[in-house]
Amino acid sequence: MLHTKYTVRNKRPSYAFLMEMLWVCGFFAIAACIFVMAFAKADSMSRKAQDLNEAVMAAEQEMEQTFLSEREGTWSVCLDQAWKPVSEEPDSRLPGTDGPFPEETYAVLRVTSQADGGLLNVSILVDAHVSESIQETIYTLEGSHMTEREEEDRERNSENRQN
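The rules behind each value
Residues numbered from 1 in each chain as written. Predicted model: local features only at pLDDT ≥ 70, side-chain atom pairs only at ≥ 80, totals over all residues. Heavy atoms only, no water. Helix = DSSP H or I, 4+ residues; strand = E, 2+ residues; numbered from the N terminus. Buried < 20%, exposed > 50% of the residue type's maximum accessible area, 1.4 Å probe, protein only. Contact = heavy atoms within 4.5 Å. Areas by Shrake-Rupley, 256 points an atom, 1.4 Å probe, with all protein chains shown as cover. Phe/Tyr/Trp six-rings, centres within 6.5 Å; stacked < 30°, edge-to-face > 60°. Lys NZ or Arg CZ within 6 Å of the ring centre and 35° of its normal. Patch = residues over 30% accessible without salt bridge, like charges linked within 9 Å, V, L, I, M, F, W, Y side chains within 5 Å. Salt bridge = Lys/Arg side-chain N within 4 Å of Asp/Glu carboxyl O. Polar contact = N/O pair within 3.5 Å; in protein donor to acceptor, adjacent residues only side chain to side chain.

1. Considerations on the overall build of the chain
Then, number 1: Check the secondary structure of the chain and you find two helices and five strands.
Then, number 2: Seen in sequence order, the chain has helices and strands lined up from the N terminus as α-β-β-β-β-β-α.
Then, number 3: Taking all 163 residues of the chain together, the buried fraction comes to 23%.
Then, number 4: Considering only residue pairs separated by 6 or more positions, the chain has 49% of its internal contacts joining residues 24 or more positions apart.
Then, number 5: Surface exposure of the chain reaches about 12,600 Å², of which carbon and sulfur atoms provide 56%.

Take a look at the structure:
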């Protein structure tokens, strides 16, 4: 039996360098995955923040219009990706709050308005319209406004008291 001696010429190969390279490649692969997930989450948060901002503006605008017109009832307003009403008609409100909604609908304002004495109570729910069965609530706004009839009655009562 021959014994092989490792000398300077036929030195046993060392795999330490390859193992170190595998560890470095693995570390960079894991770091890349973490950073991609972080950027995807940041993008999602940015879109949700933009949707919230647009929902607040749309709900406030619809509430102001409802207070000015003193309209009572329940209706929906469909909005597109640019948060503009889907319908080109001046009155783009749909009666009720259930679909079917137009195909290009991105968000739905669900408005409920009712008079209670001299107050007009309005509740607005803004939903992201993913599909007919999937709705994600973005924002809810509730408010009350004194109607003109009540204001006129108060003014007459104050005038009568002064006389």
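Right, picking up where we left off after that structure.
2. Remarks on the packing of aromatic side chains
Then, number 1: Going through the model one piece at a time under the given rule, you end up with two aromatic pairs.
Then, number 2: Measuring from centroid to centroid gives 5.9 Å for Trp 83 and Tyr 106, while their planes differ by 80 degrees, and the two rings are edge-to-face. Here the residue Trp 83 occupies a position in the loop between strand E1 (73-79) and strand E2 (93-95), and Tyr 106 occupies one in the loop between E2 and strand E3 (107-116), the gap between them amounting to 23 residues.
Then, number 3: You can call Tyr 106 partly exposed: its relative accessible area is 22%.
Then, number 4: For the cation-ring pair, Arg 71 lies above Trp 75, with the distance from its terminal atom to the ring centre recorded as 4.2 Å.

3. Quick look at a nonpolar patch on the surface
Then, number 1: Taken together, Tyr 15, Phe 17, Leu 18, Met 19, Met 21, Leu 22, Trp 23, Val 24, Phe 27 and Phe 28 make up a surface patch of nonpolar side chains, about 1,200 Å² in accessible area.
Then, number 2: Judged by its relative accessible area of 31%, Val 24 falls in the partly exposed class.

4. Digging into the side chain of Thr 105
Then, number 1: With respect to the secondary-structure elements, Thr 105 resides in the loop between E2 and E3.
Then, number 2: Of the polar contacts made by the side chain of Thr 105, one reaches the backbone oxygen of Pro 102; its length is 2.7 Å.
Then, number 3: The contacts of Thr 105, once residues within four sequence positions are left out, are Cys 78, Leu 79, Val 86 and His 129.

Worth remembering: the numbers are spatial, not functional.
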